[in-house]
Amino acid sequence: MKKISICIFVCAFFLCRPYQLQHSGLCYSGDDQSYFAHATAIVFQQYPHYDKEFFTMGKERPEHPLGPSLLAAPFVYVFSLVDRVLGSDIVIQRTRANISSSWSLFGFVFATIFYFWVSCWLLYKGLRFHFEEKFAFLSIVALVFMQGLPLFAFRRPVFSHVYELFLQSLLIFLLLKYRGGISLNRRKYLKLFLIGIVIALMGLVRYNNIIMAIAWPLVLIGRPWRKNILNLFVVYGVFVLTIFLFKFLPELVLDHSAGMEGASFAKGYLLAVHDPLFYMRRIMHIFFGIDWGLVFTAPFIILGLGSLLYFRFPLRKALVLISLPLLVNFVVVVQWLAQGGWYGYRYLVFSSVPVFAYPLAFLFRALYKKMGNKMYILLFFIAIFPFLSMICFDGNNTNLTLKPLNDGYFGRGGSDNLTYQLEVWKTVLFHPIQFSIAIFKGGVLYLVYLASLIFRVDSKLPAVVLSRYPVFDLSVFIKMVIIYFLPFVLYWVSGRDWVSVLGCVTARFKKTDSSQEVGK
């Protein structure tokens, strides 16, 4: 995990932009405000009422799912203590003005980065049960760090997809550890209860993963399903009860119609029927489109799917079964007529990555046996497309970002970039200075700014830098230090044998108490 923690730090250093943290707290308008409103309603003891929350999508309550906020709430609470000590008015009422600079919002950012690291840890540990270190590491680097996922941890963290990745990674870890079936000989009902909670959270994080959540107990509890009918009944009972408590019961407390505009809007696209030729064009575009085609933004998912279908390995049946619900996510992408309003086909990628981690590691091992170190050359040429696509995203305000469109390839308007992949390579090959600026807008620029303050030459900085950092914000500096050091702290914590440490501490206390009694 040391190498993976270093990779996460590198992503944080180059992708996270401190000036965005200073100006907006890394919270976008729309969806992000809904997720944060859920979290603050819980933390400041207002839930299920939202009179004191700030959100822009929904009437009496946010229209987005509660799941990410439930997972982030403990961290939001811890950092909200700073706001309470400082006397921030966010404790009383959340507004557009007091949210962006609050420590409560940073708690959500911290939570997302934490779950991102834990997701990588779970995938790595799960793969290590079956593969050598280099193949486990390569699989995670290819699937996670080369396909745009870090953008959702360090550029847009107040969102749902990292939490989707975490829950899917947790379940994949259990599958890989127990090799297809969890032992229920000890603490049976506790395990069944926890599985029910996890799959319920999966459904609450993103509603399109409900089918995936229902399928997981069939894989984890194992066959014969008829023999395990009681166990499945317990799991699904916990699942239904949790969904009812956090989804339907609050809607009964509040107005039934509140916040359902988004659901009605989505149904219009998801239930639309098109002719067969349209679907052929749409699917081809999803794979090969010069905007967000999977061959450019997520090629290792395609390789993982191919490996799953081609090779024979012990967990193949279980992984095939759990990959079938991904068809629901793929249908959502097809029907949505666009990529999702930010980076890549996010509705599909995050649930797919953990599922294809094992098949991709298996493929890498097979390639290494056949090609040796030449395999790395092949992987480099595959990875260069999604890597540059990720590193260039939002690199400027002209050609490397999304633009408001009246009409897309399939008649869907909104924010998009219909030639994004061409713009990336145009910038890399013909405008290297712009490319350098896109890369160095994160930690490098912030270090330059800090150095200019230390040596008192900040007045000589270009106007564009001073517009990013008009004043030095100590809280932003502290937050960035936390972000940069968090992967290494988590790595250190994960490497300690805390049972032994606790035993040593307890023994010392007992020894001290015994010495005091002897002294008396």
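Everything below is about the structure shown above.
A quick note: this is a predicted structure, and the numbers were derived from the prediction, not measured.

Engineer: Describe helix H3 (residues 31-43), listing the residues and the values that go with them.
Structural biologist: Taking 1.5 Å of rise per residue, the 13 residues of H3 would be expected to cover 18 Å, and the 19 Å separating its terminal C-alpha atoms lies within 8% of that figure. By the burial criterion, the buried members of H3 are Asp31, Asp32, Gln33, Ser34, Tyr35, Phe36, Ala37, His38, Ala39, Thr40, Ala41 and Val43. In this structure, the buried residues of H3 make contact with helix H4 (67-86), helix H5 (96-99) and helix H6 (103-128). Phi turns positive, to about 60°, at glutamine 45, one or two residues after H3.

Engineer: Break down the packing of aromatic side chains for me, with residues and values.
Structural biologist: One pass over the structure, following the stated rule, counts 53 aromatic pairs. Pairing phenylalanine 75 with phenylalanine 110 gives two aromatic rings, centres 5.8 Å apart and planes at 40°, and the pair type is tilted. Linking phenylalanine 75 in helix H4 with phenylalanine 110 in helix H6, this pair joins segments that are 35 residues apart in sequence. Exposure remark for phenylalanine 110: the relative accessible area of 15% places this residue in the buried category. With a centroid separation of 6.2 Å and 85° between ring planes, the pair formed by phenylalanine 116 and phenylalanine 145 is classed as edge-to-face. Here phenylalanine 116, found in helix H6, pairs with phenylalanine 145, found in helix H7 (residues 133-145); they are 29 residues apart in sequence, far enough to count as distant. Pair check on accessibility: phenylalanine 116 and phenylalanine 145 agree, each one buried. One aromatic cluster is present, built from ring pairs that chain together Tyr28, Tyr35, Phe152, Phe159, Trp292, Trp342, Tyr343, Phe350, Phe393 and Tyr420.

Engineer: Give me a nonpolar patch on the surface: which residues, what numbers.
Structural biologist: Together, Ile6, Val10, Phe472, Leu474, Phe477, Ile478, Val481, Phe485, Phe488, Val489, Trp492 and Val493 line one region of the surface with nonpolar side chains, adding up to about 1,000 Å² of accessible area. Every element with two or more residues in the nonpolar patch is listed here: helix H1 (2-15) and helix H26 (474-494). Element by element, the count of residues in the nonpolar patch is highest for H26, at nine residues. Given the relative accessible area of 47%, tryptophan 492 is considered partly exposed.

Engineer: So what's going on with empty space enclosed by the protein? Residues and values would help.
Structural biologist: Going through the model one piece at a time under the given rule, you end up with three cavities of 30 Å³ or more. Space inside the largest cavity adds up to approximately 80 Å³. In this structure, the largest cavity is lined by 14 residues; those nearest its centre are Arg282, Asp291, Leu337, Ala338 and Asp416. Within the lining of the largest cavity, the residues separate by chemical class into seven nonpolar, three polar and four charged. Within this model, the second largest cavity holds a volume of roughly 70 Å³. Around the second largest cavity, the lining residues are Gln147, Gly148, Leu149, Phe152, Thr297, Ala298, Tyr343, Gly344, Tyr345, Arg346, Val349 and Phe350.

Engineer: Describe in detail the pattern of salt bridges, supporting the description with residues and values.
Structural biologist: When the charged atoms of two side chains with opposite charge come close together, those side chains can pair. Summed over the entire model, instances satisfying the criterion amount to four salt bridges. One salt bridge connects glutamate 133 with lysine 3, and the closest N-O pair in it is separated by 3.9 Å. You can see glutamate 133 sitting in helix H7 and its partner lysine 3 sitting in helix H1, a full 130 residues away along the chain. Judged by its relative accessible area of 28%, glutamate 133 is partly exposed. Classification of lysine 3 as partly exposed rests on a relative accessible area of 45%. One salt bridge connects glutamate 53 with arginine 94, and the closest N-O pair in it is separated by 2.6 Å. With a gap of 41 residues between them, glutamate 53 in the loop between H3 and H4 and arginine 94 in the loop between H4 and H5 connect regions that are remote in the sequence. The exposure classification of glutamate 53 matches that of arginine 94, with both residues buried.

The rules behind the values
Residue indices follow the written sequence of each chain, beginning from 1 at its first position. It should be noted that, the model being predicted, local features are given only for residues of pLDDT at least 70 and side-chain atom pairs only at 80 or more, the latter also being counted only at that level, while totals for whole chains, interfaces and linings use all residues. The basis for every side-chain value is the complete set of heavy atoms in the structure, and neither hydrogens nor water enter the calculation. Secondary structure elements are defined from DSSP: runs of H or I of at least 4 residues count as helices, runs of E of at least 2 residues count as strands, and each element is numbered from the N terminus. In this analysis, the expected span of each helix is defined as 1.5 Å times one less than the number of residues it contains. Relative accessibility decides the category of a residue: with a 1.4 Å probe and only protein chains considered, values under 20% of the type maximum give buried, values over 50% give exposed, and everything between is partly exposed. Two residues qualify as a contact provided that any one of their heavy atoms is within 4.5 Å of a heavy atom in the partner residue. When the centres of two rings from Phe, Tyr and Trp lie within 6.5 Å, Trp using its six-membered ring, the rings pair. Their planes under 30 degrees apart give stacked, over 60 give edge-to-face, and anything left gives tilted. A residue counts toward a patch only above 30% relative accessible area and without a salt bridge, and it is joined to like-charged neighbours within 9 Å or, for Val, Leu, Ile, Met, Phe, Trp and Tyr, to nonpolar neighbours within 5 Å. Surface accessibility follows the Shrake-Rupley procedure with a 1.4 Å probe radius. Residue values consider only the protein chains on display as shielding. Any Lys or Arg side-chain nitrogen found within 4 Å of a carboxyl oxygen on Asp or Glu counts as a salt bridge. In the cavity and pocket records, a cavity denotes points on a 1 Å grid over the protein atoms alone where a 1.4 Å probe fits but cannot get out, a pocket denotes an open set with protein on both sides within 12 Å along at least 5 of 7 lines, and lining residues are residues with an atom within 4 Å of a point. Grid points are joined across faces, edges and corners, and a volume is the space filled by probe spheres set on the points. Note on residue categories: nonpolar means Ala, Val, Leu, Ile, Met, Phe, Trp, Tyr, Cys or Pro, charged means Asp, Glu, Lys or Arg, and polar means any other residue, Gly included.

Read these as spatial facts, not as claims about activity.
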